[in-house]
Amino acid sequence: MVYHLRRTLIAVVFFVLSYIALSALHSHLDPNTSKSEEEREDSVWIATSKYWVDRQACRYLGLCGLAHYRPDPAMKPWNRKSAMKNTNDQIFLGGGGGDDIHAEYLDWEDIIDDGKNSPDAWEGDPRVLKDVPQFVLDHAPLIHLYSGEQFWPSDINEHLMYTTPYINHTTMNMTNDQHTLYNLQRLNSKVKGKYSFMASKEDVEDRPEWLGSPYNKPVPYEDDDGEVEEVGAFEFSEASDPKDEDVEWWDPYRYAEENKIALPLRPQEAPKPNLKIDLRKSKRSTGPSARNEKAKASNLGPTMPKPGGYSPAPAVLVMVDKGNGILDAFWFYFYSYNLGTTVLNIRFGNHVGDWEHSLIRFKDGVPKAVFFSAHSGGLAYSYNAVEKGKGKGREGRPILYSALGSHAMYASPGSQPYVLPFGLLADVTDKGPLWDPALNYLAYHFNTSITHDADAHSISASGSHWDPTSPLSGSAPHALTPSERTSSFQPASCNPKAPLSWWWYTGHWGDKFYDLNDRRQWRFAGQYHYVNGPLGPIYKNLGRSRLCQSSGPCRIVESLKEGKKKTWLGTD
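Here is what the cut-offs are and how they apply
- Residues numbered from 1 in each chain as written.
- Predicted model: local features only at pLDDT ≥ 70, side-chain atom pairs only at ≥ 80, totals over all residues.
- Heavy atoms only, no water.
- Helix = DSSP H or I, 4+ residues; strand = E, 2+ residues; numbered from the N terminus.
- Contact = heavy atoms within 4.5 Å.
- Polar contact = N/O pair within 3.5 Å; in protein donor to acceptor, adjacent residues only side chain to side chain.
- Buried < 20%, exposed > 50% of the residue type's maximum accessible area, 1.4 Å probe, protein only.
- Lys, Arg positive; Asp, Glu negative; His and termini not counted.
- Salt bridge = Lys/Arg side-chain N within 4 Å of Asp/Glu carboxyl O.
- Phe/Tyr/Trp six-rings, centres within 6.5 Å; stacked < 30°, edge-to-face > 60°.
- Lys NZ or Arg CZ within 6 Å of the ring centre and 35° of its normal.
- Pairing = 2+ DSSP bridges.
- Core = buried A, V, L, I, M, F, W, Y, C linked by side-chain atoms within 4.5 Å.
- Disulfide = S-S within 2.5 Å.

Student: Break down the overall build of the chain for me, with residues and values.
Tutor: Across its full length, the chain carries 13 helices and 22 strands. In the chain, of all internal contacts separated by at least 6 residues, the share reaching a separation of at least 24 is 78%.

Student: Go over the side chain of His529 with me, naming the residues and quoting the values.
Tutor: Of note, His529 is situated in the loop between strand S21 (527–528) and strand S22 (556–557). Side chain to side chain, His529 and Asp72 meet in a polar contact 2.7 Å long. Apart from the residues lying within four places of it in its own chain, the contact partners of His529 are Asp72, Glu205, Arg347, Phe348, Gly349, Asn350, Arg520, Gln521 and Trp522.

Student: Which residues make up the environment of Ser213, and what values do they have?
Tutor: In this structure, Ser213 sits in the loop between helix H9 (209–212) and helix H10 (247–250). On the accessibility criterion, Ser213 (0% relative accessible area) is buried. Taking the C-alpha atoms as reference, Ser213 lies 9.8 Å from His159; in sequence the two are 54 residues apart. Those residues in contact with Ser213, other than ones at most four positions away along the chain, are Trp152, Pro153 and Ser154.

Student: An account of the side chain of Asp354 is requested, with residue identities and associated values reported.
Tutor: One can find Asp354 in strand S10 (residues 351–363). Of the side chains with opposite charge, Lys540 lies nearest to the buried Asp354, which makes no salt bridge, at 7.0 Å. Ignoring any residue separated from it by four or fewer positions in sequence, one finds Asp354 in contact with Tyr333, Phe334, Tyr335, Tyr337, Asn338, Ser406, His407 and Pro534.

Student: Describe the packing of aromatic side chains, naming the residues involved and giving the relevant values.
Tutor: For any two aromatic rings, the description comes down to two numbers: the centre-to-centre distance and the angle of the planes. Evaluated as defined, the whole model comprises 29 aromatic pairs. Look at Trp355 and Trp509: their rings are 5.5 Å apart centre to centre, the planes differ by 85 degrees, and that puts the pair in the edge-to-face class. Of this pair, Trp355 sits in strand S10 while Trp509 sits in the loop between strand S19 (488–491) and strand S20 (523–524), and the two are 154 residues apart along the sequence. The exposure class of Trp355 is buried, given its relative accessible area of 3%. On the basis of relative accessible area, Trp509 is assigned to the buried category, the value being 0%. Members of the aromatic cluster, each reached through a chain of ring pairs, are Phe330, Phe332, Phe334, Trp355, Tyr444, Phe446, Phe489, Trp502, Trp503, Trp504, Tyr505 and Trp509. Across from the ring centre of Tyr383, 4.7 Å away, lies the NZ or CZ of Lys388, which sits over that ring.

Student: Explain the sheet that holds strand S3 (residues 163–167) to me, and be specific about the residues and the numbers.
Tutor: Pairing within the open sheet is antiparallel, and its 3 strands lie in the order S4-S3-S5. Each edge of the sheet is formed by a strand with only one pairing partner; in this case those strands are strand S4 (170–171) and strand S5 (196–200).

Student: Let's hear about the nonpolar core: which residues, and what values?
Tutor: Among the nonpolar cores identified, the biggest contains 42 residues, and Val318, Phe446, Phe489, Trp502, Trp503 and Trp509 are the most heavily contacted of them. Taken together, the elements giving at least two residues each to this core come down to helix H8 (156–161), H10, strand S6 (315–323), strand S7 (326–338), S10, strand S11 (366–374) and strand S18 (441–447). Among the elements that take part in this core, S7 stands out by supplying 4 residues, more than any other. Apart from residues no more than four positions distant in its own chain, Phe446 is found in contact with Val318, Met319, Val320, Asp321, Ser487, Ser488, Phe489, Trp503, Trp504, Ile538 and Leu542. By size, the runner-up hydrophobic cluster in this structure holds 32 residues, among which are Tyr333, Ala411, Trp435 and Leu560.

Student: Quick one: what's the story with the state of the cysteines, residue by residue and with numbers?
Tutor: Taken as a whole and assessed by the stated rule, the structure comprises 2 disulfides. The disulfide partner of Cys548 is Cys554, and the S-S distance across this bridge is 2.1 Å. The disulfide joining Cys548 to Cys554 has a torsion of about 80 degrees about its S-S bond and is therefore right-handed. Here Cys554 falls in the buried class, since its relative accessible area comes to 4%. Cysteine pairing for the chain, with bonded cysteines counted in sequence order: 1-2, 3-4.

Student: Tell me what's going on with the pattern of salt bridges, and back it up with residues and numbers.
Tutor: Note on pairing: side chains with opposite charge can pair once their charged atoms come close. For the coordinates displayed, the defined rule picks out 13 salt bridges. One salt bridge connects Asp72 with Arg347, and the closest N-O pair in it is separated by 3.9 Å. Separated by 275 residues along the polypeptide, Asp72 in the loop between strand S1 (63–64) and helix H5 (80–84) and Arg347 in strand S9 (residues 346–347) bring together distant segments of the chain. Take Asp72 and Arg347: they sit in the same class, and that class is buried. Three or more residues are tied together by salt bridges with common partners; here these are Arg70, Asp203, Glu205, Asp518, Arg519 and Arg520.

Student: Residues and numbers for unusual backbone geometry, please.
Tutor: For Asn324, which is not a glycine, the phi torsion comes out positive at approximately 55 degrees. For Asn324, the location among the structural elements is in the loop between S6 and S7.

Student: Go over the sheet that holds S1, please, and point to the residues and values.
Tutor: Strand order across the open sheet formed by 3 strands is S1-S20-S21, with antiparallel pairing between neighbours. Looking at the sheet topology across the chains shown, the edges are occupied by S1 and S21. Here 2 bridges tie S1 to S20, and the two strands are oriented antiparallel to one another. Bridging from a neighbouring strand, Leu63 pairs with Phe524 of S20.

Student: Requested: an account of the environment of Pro252, with residues and values cited.
Tutor: With respect to the secondary-structure elements, Pro252 resides in helix H11 (residues 252–255). Taking the relative accessible area as the measure of exposure, Pro252 reaches 2% and is therefore buried. Separated by 71 residues in sequence, Pro252 and Gly323 place their C-alpha atoms 7.9 Å apart. Among all residues touching Pro252, those that are not within four sequence positions of it are Lys322, Ile326, Arg361, Ile450 and Ser545.

Student: How would you explain helix H4 (residues 52–61) if you had to name every residue and give the values?
Tutor: Of the positions making up H4, those classed as buried are Asp54, Arg55, Gln56, Ala57 and Cys58. Lining the buried residues of H4 we find helix H3 (42–47), S1 and S20. Taken from the residues just after H4, Gly62 is the one with a positive phi, measuring 75 degrees.

And the structure:
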């Protein structure tokens, strides 16, 4: 009896000490010094629990929602059949049929009407649409999605079909309105971005089909045998600072004779935010049958063969000219769900909506470096150090690896530890299905000022540091129109009618983190089971001078093996 009691006591003490140690270690190793949105609402969040014991355990022991804990597998048993079915209803971008998706909107040609009949008269005019340089496409990234992935790339337009506007946890009750990529910005006039959420219409723990988007899994290449390759060894070389001839592209802010400042569009030239939408025509059906009907409306047709690497979910290409021949090509990838990683079989960090990105920096058309985003950080590699594709149409293009569930970007396959030591918290990547974003994308040019040593977490959509205090809109930066901003956003000439409104949406692309009294929520060691949905790409510090999206040291890694020794924020 005494023996068993002693063993139980030792186990409890060991658990408590381990728990405290991990909590302290996480706080010490995580270099993010600013509080998260969730942390700022801590006292209010704890108070949502109905039970006194739960509230006290949360405040003083850090064990919040302990009774809610249960295993959280990627795929629920009742969803396996749906996820494994043959998905031959893939469609190409642009198969919307016009009436039911795009409705009526302000055409780009309507914006430019100055009576300039000669092509020479448009030379240097910022309103003229620019093409996608061929060198950007020739060096477009290729992405290995994880072989066991359950949450595949998603179409942002389809994501909006299954979500609805919320102010925190309260619906806006906009039942007669359908929000699309062409009018999403209108929400900025109703609520400040901090409190604006596009919340799921369904319980995400039921794993509805749109959440995983299995129909967007990339088409296999003809030379792909379906086998996942073993992780190989990489040659080691020392990381080094840029050579003298490289400093200009490495940090254009420091070495430019005159810092680049964006020239905004004049008010009469900017796209009007109040788009003409026939809401009766914008009602849509959902599911495979609806996707087949969209495919029939496409010029390509539903039976056209899809090339290897193609996904019906479009990527977003945003090009930012940094001056002096320096061009940053940002590739954004959207997923409707982020499945968090596990520590001791406890899952943390789930959220609805997931924006990931990579960046390829060019100098005079030559690729110099690649940035891989991972969680709130990432690593920058020399272009020559990154693995390159093989096979027709893939030669010389950089290979990226998307982690299971979290979709964080890495330069090599295998286990990818971050924050906690000993691999307690780690992403995992492998040579799963290969996605070629260059086969289906929306392309834009973003003209913005260069930022130096800025942190992506503190940059608002207006380019300023702003801390809203009320959800009601007024003269806050989140209510500004594109013509009033310090930046301009234009579609590339290859897709002149691409939607613009979604870019300026300042809210979250998913649910607000659930209250403590919600059965789906818990928090241990300061880590939530569910966190807020992400803000959009405009918050990713696209004007950055150096390649890293956050402030602090930013070194370029010169080998893959050296990159494995770096943390997720680029430190040793």
